[in-house]
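Architecture at a glance
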Amino acid sequence: HFGLSLLESDLHPDDGDGPWNEGMKPLDSCEAALAGYLWAALGSPTTSVRWEAAHAVRATIELGWTPVVNALAKFAVVGSPGAFVDKRFFFYEWHSRLWLTLALARCAAEHRNMVSMFGEFLLMSAKEEHVLLRHFAACALHELPELLGEMTALGAPEKINTSELPLVEHDAYRRPEVETQPSND
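Computed from a prediction, not measured in an experiment: that's the story for all the values here.

1. Structural notes on the packing of helix α2 (residues 30–42) against helix α4 (residues 66–78)
Close contact between α2 and α4 brings their axes to 8 Å; oriented N to C, the two are set at 50°. Regarding the angle of α2 to α4, the classification is oblique. The two elements α2 and α4 meet at a crossing, and its hand is right-handed. Contacts from E31, A32, L34, A35, G36, L38 and W39 in α2 reach P67, V68, A71, L72, F75 and A76 in α4. Among the residues making up the contact of α2 with α4, the classes are represented as eleven nonpolar, one polar and one charged.

Next up, the structure:
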């Protein structure tokens, strides 16, 4: 107390995370806290941190650490990092979502039961306007036949990101090809 009392004149209510609020409330378990850290790291502005977090997610899935995976799936649906980021800075939720779908796509074939815990998140991501989110969500969903019934509204996973327009080839594209080929005369 004596040491802190010496610093009290230099401490302001807005320092750190500011005054206490419900957003700082601890989570139910250490596993949920770890999931929160993973979710925040997936949204880091630094690429190498996102890459490391994606590998940590993959390792968590491969180890079958169900409480962490379950909590991470909840963070993914909610999107908010809670107390795991500084409120003064912008949280890159799109980074978190993209890098998580990338990790899930890489794990889906070998760890279907764990990746299926992210079913709601993957189905939401398959409907997004973000083309990479849709792509990696479709890759993961392709390996999860138990979710194919819910995919009927979206179509088959292999149809995600494909054009509904017919492929039309024009002669104008062939003409320059023919003109640039050397003659054998």
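Now, onward.
2. Section: the nonpolar core
In this structure, I61, L100, L104, F118 and L122 are the most contacted members of the largest nonpolar core, which totals 39 residues. Secondary structure elements with two or more residues in this core: α2, α3 (47–63), α4, α5 (93–107), α6 (112–115), α7 (119–125) and α8 (131–142). Here this core gets eight residues from one element, more than from any other, and that element is α5. Every residue in contact with F118, bar those within four places of it in the chain, is listed here: I61, V69, L72, A73, L100 and L104.

Rules of the game
The residue numbers shown here count from 1 along each chain, following its written sequence. Note on the predicted model: pLDDT of at least 70 is required for a residue's local features to be given, and 80 or more for side-chain atom pairs to be given and counted; whole-chain, interface and lining totals, by contrast, use all residues. Where side-chain values are given, they derive from all heavy atoms of the structure, hydrogens and water being excluded. Lines are fitted to the C-alpha atoms to define the axes, a helix being fitted only along its stretch in contact, and any angle between axes, read from their N-to-C directions, falls within 0 to 180 degrees. Elements are defined by DSSP. Helices are runs of H or I of four residues or more, strands are runs of E of two residues or more, and each kind is numbered from the N terminus. Any angle from 65 to 115 degrees is called roughly perpendicular, while one under 35 is roughly parallel, one over 145 is roughly antiparallel, and all others are oblique. Handedness of each helix crossing follows the sense of rotation of the near helix against the far helix: counterclockwise by less than a right angle gives left-handed, clockwise gives right-handed. Any two residues whose heavy atoms approach within 4.5 Å at even a single point are treated as in contact. Any residue outside Ala, Val, Leu, Ile, Met, Phe, Trp, Tyr, Cys, Pro, Asp, Glu, Lys and Arg is labelled polar, Gly included; the first ten of those are nonpolar and the last four are charged. Residues belong to a common nonpolar core when they are buried Ala, Val, Leu, Ile, Met, Phe, Trp, Tyr or Cys residues joined through side-chain atoms within 4.5 Å. Here's how the labels work: a residue is buried when its accessible area is under 20% of the maximum for its type, exposed when over 50%, partly exposed in between, all with a 1.4 Å probe on protein chains only.

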